[in-house]
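Here's the letter readout for the chains.
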Amino acid sequence: MSAPSFVPAGASPHAIRLACRSGAFAGLTSGLAAGYVQGNIVILPRDWADDFLRFCQRNPKPCPLIAVGDPGDPAFGELGLDLDIRTDLPAYRVYEHGKLVAEVSDIIAHWRKDFVAFVIGCSYSFEEALGAAGLGIRHVECGSIVPMYRTNLACRPAGRLSGQMVVSMRPFTPADAIRAIEITSRFAAVHGAPVHLGAPEAIGIADLSAPAFGDPVPLRPGEIPVFWACGYTPQTVIEQAAPPLAITHAPGRLLVTDLLNARLGAA
């Protein structure tokens, strides 16, 4: 993508979406619009949408649903002012029969009347709470995308959709890991508490320096890897199921909504 990767500090969610829509912004959304929910997206033909909805309902840790669109309708009024799911992300990925065929700045040319769009909760919401508690987020410090790994943790299948969970990893000292568990447990709507601590090989991860998606981050002396269910799970499941056409967000480039993170966290 050749578009700028910068928006003004303090830009509103609506301003960020308009910058995406105009092609002025194609960068990572981590750290933007502090206090507001960001979402992963999955868009499928209607005849696949029921299977995907049931998959999300059966696997709420990796696939916490925030909103589901009506067939053919790109608007999500409940998520934001003047929101158009076809244009308002920095970048999209297009899959045909499970194969990535394009990464594009908008999907107007791909949009169909039978498309159903899903918005899925993202760990950026609980990362804000971790940061507010004084816990450093390593990939944020490094200016990179959170490392994500395929695991041997099976998801509950639904129709044509099945597969293993993808997890994201953040390193913490054991004491900070306990604090991170306490904090993220309040955010069930956006992945909630970790699914695993330490011993990556126990969940099928052979090498932390080689994530399946995102970028590796260093573990410092005395730290352990802490793993959360990840919203990249549905992308891998869709690749495996190979529907004729599917569209997702590009890694690290999410939908910025007008919803407040505070609404997702339990008191």
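The coordinates are above.
Source: prediction; values computed, not measured. (Residues numbered from 1 in each chain as written. Predicted model: local features only at pLDDT ≥ 70, side-chain atom pairs only at ≥ 80, totals over all residues. Heavy atoms only, no water.)

J.: Describe the sheet that holds strand 6 (residues 148–154), listing the residues and the values that go with them.
T.: Backbone-to-backbone hydrogen bonds join strands into a sheet, with any given pair of strands oriented parallel or antiparallel. Pairing is antiparallel in the open sheet, where four strands are placed in the order 6-7-9-8. Of all the strands in the sheet, the pair left with one neighbour each is strand 6 and strand 8 (196–197). Note that strand 7 (residues 164–172) and strand 9 (residues 224–229) share six bridges and pair antiparallel. Its bridge partner lying in strand 9, Phe172 is registered against Ile224. (Pairing = 2+ DSSP bridges. Helix = DSSP H or I, 4+ residues; strand = E, 2+ residues; numbered from the N terminus.)

J.: I'd like a rundown of the side chain of Ser123, residues and numbers included.
T.: Locating Ser123 in the fold gives a position in the loop between strand 5 (115–121) and helix 3 (124–132). In this structure Ser123 touches Arg170 and His191, once residues within four positions along its chain are discounted. (Contact = heavy atoms within 4.5 Å.)

J.: Run through the pairing of strand 9, naming residues and quoting values.
T.: Along strand 9, five of the six residues are buried, which leaves the element largely enclosed by surrounding structure. Bridge analysis of strand 8 against strand 9 gives two bridges, and the strand direction is antiparallel. Each bridged residue has a counterpart across the sheet, and for His196 the counterpart in strand 9 is Phe227. (Buried < 20%, exposed > 50% of the residue type's maximum accessible area, 1.4 Å probe, protein only.)

J.: Describe empty space enclosed by the protein, and please don't skip the residues or the numbers.
T.: Taken as a whole, this structure holds one cavity of 30 Å³ or more when the rule is applied. Considering only enclosed or pocket space, the largest cavity measures out at about 170 Å³ in volume. In terms of lining residues, the largest cavity is bounded by 18 residues, among which Asn40, Cys122, Val146, Met148 and Cys230 are the most central. The class makeup of the residues in the lining of the largest cavity is ten nonpolar, seven polar and one charged. (1 Å grid on protein atoms, 1.4 Å probe; cavity = no way out; pocket = protein on both sides within 12 Å on 5 of 7 lines; lining within 4 Å. Points joined across faces, edges and corners; volume = space filled by probe spheres on them. Nonpolar A, V, L, I, M, F, W, Y, C, P; charged D, E, K, R; others polar.)

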